[in-house]
Structures are given as C-alpha cells and as structure tokens.
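Single-letter residue listing:
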Amino acid sequence: MEHYHMNLTLKVWRQKNSKEQGKLETYQVKDISSEMSFLEMFDVLNEQLIVEGKEPIAFDHDCREGICGMCSMYINGQAHGPWQQNTTCQLHMRAFKDGDTITVEPWRSKAFPVLKDLVVNRSAFDRIIQAGGYISVNTGNAVDANAIPIDKKDADDAFMAAACIGCGACVATCKNGSAMLFVGAKVSQLALLPQGGPERESRVLNMVAQMDKEGFGNCTNTYACEAECPKGISVSNIARLNSEYLKAGLTTETK
Amino acid sequence: MALDAKIPHGEMDKKWTDYKGHVKLVNPANKRKLEVIVVGTGLAGASAAASLGELGYKVKAFCFQDSPRRAHSIAAQGGINAAKNYQNDGDSVFRLFYDTVKGGDYRAREANVHRLAEVSTAIIDQCVAQGVPFAREYGGLLSNRSFGGTQVQRTFYAAGQTGQQLLLGAYSALERQVALGNVKMYTRHEMLDVVKIDDKARGIIARDLVSGELESHFGHAVLLCSGGYGNVFYLSTNAMGSNVTAAWKAHKKGAFFGNPCFTQIHPTCIPVSGDHQSKLTLMSESLRNDGRIWVPLKKGDNRNPKDIPENERDYYLERRYPAFGNLVPRDVASRAAKERCDEGYGVGTTKMAVYLDYKDAIIRYGKIEAGKAGNDNISHEEIVALGKKVVEEKYGNLFEMYEKITGENPYETPMRIYPAVHYTMGGLWVDYELQTTVKGLYALGEANFSDHGANRLGASALMQGLADGYFVIPYTLGNYLADEIHTTSISTDHPAFAETKQAVTDRLNTLMNIKGTQTVESFHKRLGKIIWDKCGMARNEQGLKQAIEEVRALKKEFWSDVRIPGEVNAFNLELDKAGRVADLIELGELMCLDALNRNESCGGHFREESQTEDGEAKRDDENYAYVAAWENKGESSWELHKEALNFEIVKPTQRSYK
C-alpha cells in the first residue's frame, strides 16, 4: 500500500448544546497520513485546537474497531463516510486525497437531538428495545442449550440480523428518518428463533408503537438504509417486520 | 488487616453447592426495599443488573457510554468457553478448571476457578434461551471451536462477534428490567467516588457527562463492573473510554488492589503503524486455529512473503511447542513473537511483526470441500476458491477488518501481527463472594483479580463476566444484604455524601484551574510509553525502578501543566479524559511497584532475572505463591498484604506446552 500525506479543509458542525443554534466552522489540517483512521485525523485537529486555546470538537467514539456503534459522523453527505459497510472509526484517510474539503455533520433526525457538536442522543433506540426487544427469560430458567435444535439457515439469518450495532446510520440516512431497519433487525432475529415464539406478536406491536412514539418517520422503500448500514443489514428485515406486524395485527386481541 | 478469602470448607467440587445450600437468603418483600448500585454495563454489569432486577432488588445501573449496549465487552471476538463436552472429546468441569489454573500459571485461587468451571455450562443455556445466535451445525446443534491452552473444543462462538452477541443478550435482559421498573438506567454517567458510611459502601458520586452536574446515589451495596485498566499503556485493544477510575476510587477508599502487574499481552494484533495511532486492533485468537505463524529463516529477509519458499520459513511455535503448536497460551505466543523480532527476524516496515498465514488452511479446506462434492479432478485455483469460501464463513469479518485497517487482502498475503495489551488479570482484590476489602463493595468481571491468575486463557473473559453477573453475585450478595434488611435507605443529605461530593467538586475544579500548556492526550501517551517499555512484555529491576521515578515525575507535571478547555458544569470530554488519565498515572506507579516486588516470572509477568535456560518463564513457588493485595496508604504509599495460594488439586509444576 502506497503511503502519502495530505492537507485538508474540514467543515465541521459546531453546536454548544441542544438549545443553542449551531453552524459549520472551517478548519485546516496539515500533513495527515493516509494510514490514519478518520477519527485519528480528528484527534490531530482536536490537539491543535486545544493548543490554540479553543474548545475541541465533541464526537462520540469508543471501541474504534467498528463494533460498539458509538461513532456517528455524517461525512460529505454520507453516514459513516464514503466506504461501503464501514463505520466512521474504520474509515481510513486513504479514502481522501491532498487538497480535499470534507464536510462533517452530526446525525440529523428529529428523534436524535444534538447534544453537542457531532454528538447526538440516541436513547430512543434503548426505549424501543425496552418495549419488547428481548425474550422474557429470567436467569436460571433455561433448558440445556442443545435441547432446542435450530435450522442452520434460520440461525444464520438470525445472526445476520443480530449483527446490527445500533449506530443509527439507517435513521440518519433515511429521508424520512425511519428506524424500520433497526426495528426490523431485532424483530427478525427473535422471530426467526423458536425461543422468540411466545412473545412474537406482542413484541412487534409494542416495538413499532414505541418507534412511532419516538418520532421516527415511515419507510417509503428507498433502501438508503441498507446501502449505508455499516453491517450490511438487509432490507428484507423490513419486509419481515411488515409481515410480522400485519400478522400480529390480524391475529392478536387488544393488548 | 488480615485477608480472609472466605473459601468454603469441604471438597473442591462440593464447595459451591454447599455454599449455595447454606447461604443466607433475603425474602422477596425485603428485596424490594434493598437498593443496589451497579457501575458499568458490560457482560458482568449488565448480567448482574438484570439478574438482581429479576430477583426483585431495586437496581440503579450506570455507564459512561450513551447506551449500555456499547460497553467494551461488545468487542470480544472469538468465543466463550463452557465445559459442555458436546464434542465428546473428553471435556469436563474438572478439565476446564485444571486448564484455567494451569493456564494462569498457578497464581489463581482454585476455589473460584472451580466455581467458574461449574457455572460455565449454565451460561450457554441462559444465552441460548435469550436468543443469542451462536454458530450451529447443519443438524441444528451448537458448534464449537478450539482456543489456545486447551486440547478440547469447548469454545462457543458467533462468527467473530461473540462478545457482541452475548452483550446484546445481557443488554436485552437489562432493558427488560428497565421496562419492568426494576432497574433504573443512567447512561452518560461516570462514577467519580464511593461513599462510605460506618465503614460500609453506601453509594456513589456520579457525574452526568452531558450537564456536568454531580449526583449522589444511595445503595445498600455497590457493585463495580467497570472492566480492566489496559489503557494505562495508552495503546491497547481496549476502547478509548475504558478506564480504571471506578476501581481506583474504590482502591483509595480502602479496597485492596490485587496483582496489578498481571496484564495480558495478546499475541495476534495488527502492528503499530505510526505515532498517530490511537488504539490497536485485535485479530481474534481463533485465527490461530487455522492460521500458521512464521517468520523468515533468514534475518532481514525483505522478499514478498509469497516468494519465500517453505524451507526458508520458520514456523517457530510449531518448532518450539510441538504438542500445542500455534495454540499455545497467549503469554507464551506473545513472548515467542517478541523473541523472534528482537533477534532480527521480524517482518514489515517496522520489523516488529510476524506473519499469520492462511495459505495452508485455504488449501486444506478447499480439498475437503472438493472431496465432499466428489470432485477429485479440479485445479489448484478451484481448490483455493473453495477453501477461501470456508475461511470466509469462519473468519470473514476479521479478514475484512484487517483489510480495512491495513489496505491488504489477507486471503492473498499473510497477515502481519504483533502482540498488544489486551486484558488485565489484576484488579480489585475480592473474596470468594466477590466482595472487596470494603464491606458492601463488590467487584465483578475484569474489574476483579480473581480467576485468571497470571495469564488468562482465550474465551475465558466472557465466561467469567457472565458467571459473576448471572450466577455468582445473585447468591453471594444476598448473604450480605440479609443483614441489611433493617437499614432503611439513607438520605443523600447525609454528611458523608456531602463531604464526598465536595471532595469530587474540589478535584474537578483543581483540574480545570491548572490551565497549563500540555494536552491530556500527550500525558497519556507518555505514560503509555513508560509502562510499555519498562512494565510490558519483559520487566527487570532497574527498569521498574526507573519507571516508578518517571511516573512520579509525570504525575507532578500533569498536575501542574495540563490544559483542559471548556467548562466544568457542561459536556466536557477533555475533563472526563483528564480525570481518567490522572487515575491511570497513579495506577501505573502501583503496577511497577507490584512488578518490582514479584521477583519471579509467571504467566504474562516476565521478569528477565527469572527465566529457564531456554527462555521460558520461571516461577518461584517458594517465595511468590501468593496474591499481592495492595492497600493504599496515601500519596505514593502502599502496604503489601499477601493471600497465600494453597493448591489442593492442581499441583504447580513448570508449565509445559512442548
């Protein structure tokens, strides 16, 4: 891999807190190595700002290996930036070239209010899980793990759905701010497994009700969510969500 | 103060059953009146908070991330051990117990390890019941794989995302309890001190990281599930936010710190590429199942690895350890890599890397697939294509991650790997009940020192975190709380809360008012370099003494010249980080002190003065078969207490994997 260095212009959203208005500020960074990760480039910028006596840019991040789902930047109009199936923390600077201008904004969605700069509040996702994203089994109640054989394909499909990292890129990308991919992934995982059977109907109804209450928009089948999902969660999970919802609505008595 | 580990009497395999049969219980009506604080929501914290909520306790759980689902347990890749013996290959509770004690180089407490092995099977049952999608065979039953330090297949896994799936299982159980009103969740909150009243832990001071405000929370007991302190090295596989603060505050309030120098250097990580690097990325140990590790036979061989013929490669693990080969324990594999690189056989631009090669595995799997299809006459290219598919199914996400970071395709070119800091076996000293030396204050998971001795075997961290949370603390906590049913909730107006809160406020203000010239990050980097160079993979007396001096000087400089922008009562990531780095600096000094005291090599702790003729770690059981539990006595001052380790079952011998 050829290494190179670059100078960049960054336009970054700055916002003091959830109440005040924000705006894009322009910064210059120099001598950025193509081997750096995007967040390491932000580390360089922040160190520079602190030395200049300015406040560094607040952004969410933690594991920096693409699995915790905490990082969340909207880079040049794309959630998690230009690479496919990738999180911001795994985006590397070889995706850019010398002289580029990069615009970085927070997730934009009514249900994800900005807390500061690039940091948003995604607690709506936790509340959707609270509404039914689980199997009600207290510790100690379980039967032997191999007492429930599961078709390998169902198990694999459930795993693919369960790979969701809850980052919110689907919502940020969707023109309607819909959370259907996130909800569909969890509903699918548990609907595909026999353990999820007993609560199958109440789960989908309650999770969708909570999703609506949080102010997420509807799905109009543009599939941008799938295209931008860092974990490649398939929109077939939305189809399954719809079918689960319909079946539950037709067969369930008022809950 | 004499250390009492409270190990139950009786035979090893009856201790836990016997303990559970006689432990004090709390009736359901009383549980409703008892409040429990859980700090951290990784595998240990989430499983503990959920299980205690299910039992009916009033639980408050805290995490510094924006959601409990993001705790760093999520990044664990390879798997979780359990003595299920589903593979009929001779596994048993005894063997898991034995392997763990041996793997830990005889520096773990036998009774705890036995209990861990006993409850391991129930963990898998519980996780499957929650809908954790473990890998399965075509018959619909669970699949297993091998891991380092064992000769049976007892590791359950979900591709390379086992930690994620287990954590999401525990998280969903936790959120269910939140929905039921049994657990109150505080996200973006960080514990900044323990509140003690009459020598018992009675609550915490936490900072709301969004508003910057300090809050007081009462609890009849406090559980620290705050993970390990690998970030003392700056570069590690830990998440950026992982820190020692909760455990360190507890330490300063009287909780002894056990074996702080026992840190695990994981052999298979992506090598450092430059000064800008903020963290290191692990490539799961499961890759050593099929991958072969080698360096060129010739020093400074700069050829493309593909052009180096078989007879000019040194598969040094297979050469040195024929019985375990590439699956030797982590400490052994790490040191062997360091030895080759130090001798000048390393590869890549920095020469601080070795190859992890999948060429043979791809061909082996390809031939098996061809054979399954009855296809004997296919070309080499077709075999390779079939083999790549199998490897992709097993390790696809890890290969992808490698490619994203390095820009190289590991299906075509061997991966370059080097050891990196990964896990800390040391932690708060706890007794058999997971209680620290402060009454009512418990430590679970990586935050305690208890089960892994001087080296942790792969796929055992997830096991321990969930064992502590799901199956140990629900029993042992009751034994303490049964005597607390007459304690009514103490108001946070109590002077002890006010005093502790004031002390926290003063410290934050002091930090903000230094207004120096250097950034928090720059101090953290310097700390990491000192600890890695002198208290890393190899340690010696002179280096450790120097390191202690350097860390003390760094601490002084930090407290006189750190620059923290922003405001104290607001969202302030630099202030959060400054508090953590200040605590890591103090811990760094204690680590070096502990490493200096332990003049033997064991597991991940390698004292150059103590090695065998062929360079293996040489233990000194006569003088060091104890847990070093350090009591804080004020600034840069500690007193050593020893818990003698008595091995009833697994008699210590020189570990051999040859």
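Residues numbered from 1 in each chain as written. Chains lettered and ligands numbered in written order. Predicted model: local features only at pLDDT ≥ 70, side-chain atom pairs only at ≥ 80, totals over all residues.

Trainee: Can you lay out the overall build of chain A for me, pointing to particular residues and giving the numbers?
Mentor: Scanning chain A for helices and strands turns up 8 helices and 7 strands. Within chain A, contacts between residues separated by at least 24 positions form 72% of all contacts whose residues are at least 6 apart in sequence. (Helix = DSSP H or I, 4+ residues; strand = E, 2+ residues; numbered from the N terminus. Contact = placed C-beta atoms within 7 Å.)

Trainee: Explain the overall build of chain B to me, using residue names and the numbers behind them.
Mentor: Helices and strands together make up the secondary structure of chain B, namely 18 helices and 19 strands. Relative to the globule expectation of 26 Å for 658 residues, the C-alpha radius of gyration of chain B, 24 Å, shows essentially globular dimensions. Along the first, second and third principal axes, the C-alpha atoms of chain B reach 80 × 55 × 50 Å. For chain B, the proportion of its 658 residues judged to be buried stands at 60%. Of the contacts formed within chain B by residues at least 6 apart in sequence, a portion of 73% connects residues at least 24 apart. (Rg over C-alpha atoms; globule rule 2.2 N^0.38 Å. Buried ≥ 20, exposed ≤ 12 C-beta atoms within 10 Å, placed from the backbone.)

Trainee: Run through the packing of helix α15 (residues 520–535) of chain B against helix α17 (residues 573–597) of chain B, naming residues and quoting values.
Mentor: All names here are of chain B. Contact geometry for α15 and α17: axes closest at 10 Å, N-to-C directions at 15 degrees. As the angle between them shows, α15 and α17 are arranged roughly parallel. Here α15 and α17 pass one another in a crossing that is left-handed. Contacts between α15 and α17 involve Val-520, Phe-523, His-524, Leu-527, Ile-531, Lys-534 and Cys-535 from the former and Glu-574, Lys-577, Ala-578, Val-581, Leu-584, Ile-585, Gly-588, Met-591, Cys-592 and Ala-595 from the latter. Its residues assigned to classes, the contact of α15 with α17 comprises 12 nonpolar, 2 polar and 3 charged. (Axes fitted to C-alpha atoms, helices over the stretch in contact; angles between N-to-C directions. Parallel < 35°, antiparallel > 145°, perpendicular 65-115°, else oblique. Left-handed = near helix turned anticlockwise from the far one by under 90°. Nonpolar A, V, L, I, M, F, W, Y, C, P; charged D, E, K, R; others polar.)

Trainee: Before we move on, could you go through the sheet that holds strand β7 (residues 200–208) of chain B and cite the residues and values that matter?
Mentor: Residues and elements named next belong to chain B. Taking strand neighbours across the sheet as the criterion, the 3 strands line up as β6-β7-β8 in an open arrangement whose pairing is antiparallel. Of all strands in the sheet, those bounded by a partner on one side alone are β6 (189–197) and β8 (214–218). Each neighbouring strand pair of the sheet contributes to a mean axis angle of 25 degrees, computed without reference to strand direction. As paired elements, β6 and β7 share 8 bridges and run antiparallel to each other. (Pairing = 2+ DSSP bridges.)

Trainee: How would you sum up the sheet that holds strand β11 (residues 263–269) of chain B? Please name residues and give values.
Mentor: Residues and elements named next belong to chain B. Reading across the sheet, the 5 strands line up as β11-β15-β14-β12-β13 and stay open at both edges, with antiparallel pairing between neighbours. Of all the strands in the sheet, just β11 and β13 (313–314) have a single pairing partner and so form its edges. Note that strand β12 (residues 292–296) and β13 share 2 bridges and pair antiparallel. Looking at β13, one finds that Pro-296 is bridged to Arg-313.

Trainee: Can you explain the interface of chain A and chain B? Please cite residues and give values.
Mentor: Often, the extent of an interface is quoted as the loss of accessible area on bringing the components together. Opposite the 67 residues of chain A that make contact, chain B presents 63 residues. Among the secondary structure elements, those contributing two or more residues to the side of chain A that touches chain B are α1 (38–51), β6 (114–116), α2 (123–130), α3 (152–162) and α5 (180–192) of chain A. Here the residues of the side of chain A that touches chain B are counted per class, giving 30 nonpolar, 20 polar and 17 charged.

Trainee: For the confidence of the model for chain B, give the residues involved together with the corresponding values.
Mentor: Here chain B shows a mean pLDDT of 96. Residues at 70 or above account for 100%. Across the interface, the model reports ipTM at 0.98; the global pTM reads 0.96. (pLDDT = per-residue confidence, 0-100.)

Trainee: Which residues make up the nonpolar core, and what are the values?
Mentor: In terms of nonpolar packing, the biggest core is built from 286 residues, with B:Leu223, B:Leu224, B:Val354, B:Leu428 and B:Tyr442 touching the most fellow members. Dropping the residues within four chain positions of it, B:Val354 is found in contact with B:Ile293, B:Trp294, B:Val295, B:Ala337, B:Arg340, B:Cys341, B:Gly346, B:Val347, B:Ile417 and B:Tyr418. (Core = buried A, V, L, I, M, F, W, Y, C linked by C-beta atoms within 7 Å.)

Trainee: If you had to explain the environment of B:Glu310 to someone new, which residues and values would you point to?
Mentor: Residue and element names in this part refer to chain B. Among the secondary structure elements, Glu-310 is positioned in the loop between β12 and β13. Using a count of 9 C-beta atoms within 10 Å as the deciding quantity, one classes Glu-310 as exposed. Spatially, the C-alpha atoms of Glu-310 and Asn-144 are 31 Å apart, while their sequence positions differ by 166 residues.

Trainee: Just give me the short version of the domain arrangement of chain B, but keep the residues and values in it.
Mentor: Residues and elements named next belong to chain B. Domain annotation for chain B reports domain 1 (266–420) and domain 2 (493–618). The centre of domain 1, based on its C-alpha atoms, is set 34 Å off from the matching centre of domain 2. Ranked by residue count, the leading element in the side of domain 1 that touches domain 2 is helix α10 (residues 330–342), at 5 residues. Each residue belonging to the side of domain 1 that touches domain 2 can be placed in one class, and the counts come to 1 nonpolar, 1 polar and 4 charged. (Domains from an automatic or database assignment.)

Trainee: Outline α10(B), listing residues and values.
Mentor: Residue and element names in this part refer to chain B. The terminal C-alpha atoms of α10 lie 18 Å apart, and with 13 residues this matches the ideal 18 Å at 1.5 Å per residue to within 8%. Counting buried residues along α10, 11 of its 13 residues qualify, which places the element largely inside the surrounding structure. Within α10 the residues assigned to the buried category are Arg-330, Asp-331, Val-332, Ala-333, Ser-334, Arg-335, Ala-336, Ala-337, Lys-338, Arg-340 and Cys-341. Looking at the buried side of α10, the elements it contacts are β11, β12, α9 (316–320), β14 (354–357) and β15 (415–424). In the segment just after α10, Gly-344 is the residue with positive phi, at about 100 degrees. (Expected span 1.5 Å × (residues − 1).)

Trainee: Summarise unusual backbone geometry; cite the residues concerned and give the values.
Mentor: A positive phi angle, near 65 degrees, is found at A:Tyr223, a position not held by glycine. Of note, A:Tyr223 is situated in the loop between α6 (200–213) and α7 (224–228). Positive phi, normally seen in glycine, also occurs at B:Leu434, with a value near 75 degrees.

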